[in-house]
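Here is how the chains run, residue by residue.
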Amino acid sequence: MSDRYQSFTQSAVGRMLVKNLGLPSPASLERYAEGDPLVRGTVLVGGRGRLAESLPGILASLDIESADATAEGASYKGLVFDATGLTDSGELVALQEFFTPVLRALDSCPRLIVVGTPPEAVTGAERVAQRALEGFTRSLGKEIGRGGTVQLVYVAEGAEAAATSTLAFLLSTKSAYVNGQVVRIGVHGATTAEPVEDWAWPLAGKVALVTGASRGIGEQIARVLHRDGATVVGVDVPQAAADLQRVTGELDGDWLTLDITAKDAPQRIAAHLKDNHGGVDIVVHNAGITRDKKLANMTDERFASVIGVNLTAPERITAELLTQQVINPNGRIVGVASIAGIAGNVGQTNYAASKAGVIGLVDSLADQLTDGITINAVAPGFIITQMTAAVPFMTREVGARLNTMAQGGLPIDVAETIAWYANPASTAVNGNVVRVCGQMILGA
Ligand code: NAD
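Note that residues are indexed from 1 along each chain, following the sequence as it is written. Where local features are concerned, this predicted model is filtered to residues with pLDDT of at least 70; where side-chain atom pairs are given and counted, the filter is 80 or more; whole-chain, interface and lining totals use all residues. As a rule here, side-chain values cover all heavy atoms of the structure and leave hydrogens and water aside.

Draft legend 1. A look at the site of the ligand. Put simply, a residue is near a molecule or strand once any heavy atom of it comes within 4 Å of that molecule or strand. Near the ligand, the surroundings consist of 26 residues, among which Arg-215, Asp-236, Asp-259, Asn-286 and Tyr-351 are the closest. Here a polar contact means two N or O atoms within 3.5 Å. Within protein one must be a hydrogen donor candidate and the other an acceptor candidate, and residues neighboring in sequence count only if both atoms are side-chain atoms. In this structure, an oxygen atom belonging to the ligand sits 2.6 Å away from a side-chain N or O atom of Asp-236. At a separation of 2.9 Å, an oxygen atom of the ligand approaches a polar side-chain atom of Lys-355. Compared with its free state, where it exposes 830 Å², the ligand has 92% of that area covered by protein. Each cavity reported here is a set of points on a 1 Å grid over the protein atoms alone in which a 1.4 Å probe fits but cannot get out, each pocket an open set with protein on both sides within 12 Å along at least five of seven lines, and each lining residue one with an atom within 4 Å of a point. Molecule-in-pocket calls rest on the fraction of atoms, with more than half required to lie within 2 Å of the cavity or pocket grid points. Placement of the ligand is best described as lying within the largest pocket. Numbering goes from the N terminus for both helices and strands, where a helix is a DSSP run of H or I of at least four residues and a strand is a run of E of at least two. Secondary-structure elements contributing two or more residues to the shell around the ligand are helix H7 (216–227), helix H12 (349–366) and helix H13 (386–389). Taken together, the residues that form the shell around the ligand break down as 13 nonpolar, nine polar and four charged. What sets the accessible areas is the Shrake-Rupley method with a 1.4 Å probe; for residues, cover comes only from the shown protein chains. Amino acids outside the nonpolar list (Ala, Val, Leu, Ile, Met, Phe, Trp, Tyr, Cys, Pro) and the charged list (Asp, Glu, Lys, Arg) are all regarded as polar, and Gly is one of them.

Here it is, written out as structure tokens:
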């Protein structure tokens, strides 16, 4: 499932055609491999605000080298600008003053972050200025190129120390296919974070339930959560038992075969987790199906089955695990939505409704959860899997290129985003929907 167009653009003939015909030229994205440092290079920190003082300490705690002033001839792997001190629109020029001089001194796949105050938490001119940061970051995300990413992190007052796991993710190669996103920290629920002893092994001792774990994105989620230290309990339909056992066997994990839409599925999952693991720390609702047809040709069965698997099952399982208190304190619930749930898609009224509903589940629970339990969702764009490999060539090519990175993402990109939510230090990361789409133009 390689990207044949991207390989072609890296050949001698391909490079010539790309240049002469103005074709998209996808950058080679740097991705995290076990044992890598989070950042290979220096992160330049600037701005004046609530985080300016704590940022160097946060980066040092992650073994990330930082600088607070530019040096002659230096190049940077990351830039972090604290914009929480901007209280009116006239001060926005500080963004340009910080970024413009260093944009030509960036290493490959640079990571840029603007930190702001959630606009909804402030009023008047400050609210205007903070809201303006969104347009700035999304545009710079489209300009940056060379596999670079630009994100906006809104940190609520009092949640400054809870930003560590988010900075670790967004500055590292783990966020290779996440671009132009807005993350909120400390806006829903907790403003504090649990400490992490070993950032290479943050999920040590945790139990993670992953539905649809036998292949595709679910398999990769299981692998990444295991890499980070978790014991994985994979769930899939009985027909996928052999693959599920292979995947969870390789990860020294556990498995349970059932159809998540079965009436007793929530109770069986709850009982399995309680009896065999004493509870669960991370719940990833990944299992999903498509049954595409335009609404005029849609049957009841096609419509209902997609809503049933993608939305009603995660709702019922979540409710049961919460009611029976199977989810441990500081637990994590993660939904897998889709760009289709944000932008809509022809032939996908059922699928898009189910995925928008997953976002609704995040919205409905984020303020209700207690004990440091969080709920967030990922919204993948075009991810290269067996499913998308079956899409006709031209449709696939167009789908994969309609984003700033001019390429499809990989299952690992979705998995890394989920691992960030799952991190015990992400207690204040609650109620977010982050797109893993290379900043796809659809629904942007
Ligand atoms: P996939 O079809 O390869 O895997 C889905 C898994 O879910 C399979 O193992 C399947 O057996 C399992 N499953 C389906 N129905 C089930 C049920 N009733 N009970 C238990 N298990 C069930 O799909 P994928 O591409 O890996 O997608 C994973 C998730 O990501 C889905 O929720 C999908 O909607 C979402 N997503 C995928 C893409 C993409 O580009 N591939 C984009 C956006 C969102």
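Draft legend 2. Region of interest: the state of the cysteines. Two cysteine sulfurs form a disulfide in these notes if their separation is within 2.5 Å. In total, this model carries zero disulfides according to the counting rule given. As a non-bridged cysteine, Cys-109 has Cys-437 as the owner of its nearest cysteine sulfur, 17 Å distant. A residue is classified by how much of its surface remains accessible, and Cys-109, at 5% relative accessible area, is buried. According to the relative accessible area criterion, Cys-437 is buried, its value standing at 1%. With a 1.4 Å probe rolled over the protein chains alone, any residue whose accessible area is under 20% of its type maximum counts as buried; one over 50% counts as exposed, and the rest are partly exposed.

Draft legend 3. Local environment of the side chain of Lys-174. Here Lys-174 shows up in the loop between helix H6 (164–171) and strand E6 (182–185). His is not counted, nor are the chain ends, whereas Lys and Arg count as positive and Asp and Glu as negative. Here, a salt bridge means any Lys or Arg side-chain nitrogen found within 4 Å of an Asp or Glu carboxyl oxygen. Among buried Asp, Glu, Lys and Arg side chains, Lys-174 stands out as unpaired, with Asp-228 the closest opposite charge at 4.6 Å. Only heavy atoms enter the contact rule, under which two residues are in contact if any of them lie within 4.5 Å. Those residues in contact with Lys-174 that lie beyond four places of it in its chain are Tyr-32, Leu-38, Phe-169, Arg-227 and Glu-416.

Read these as geometric descriptors, not functional statements.
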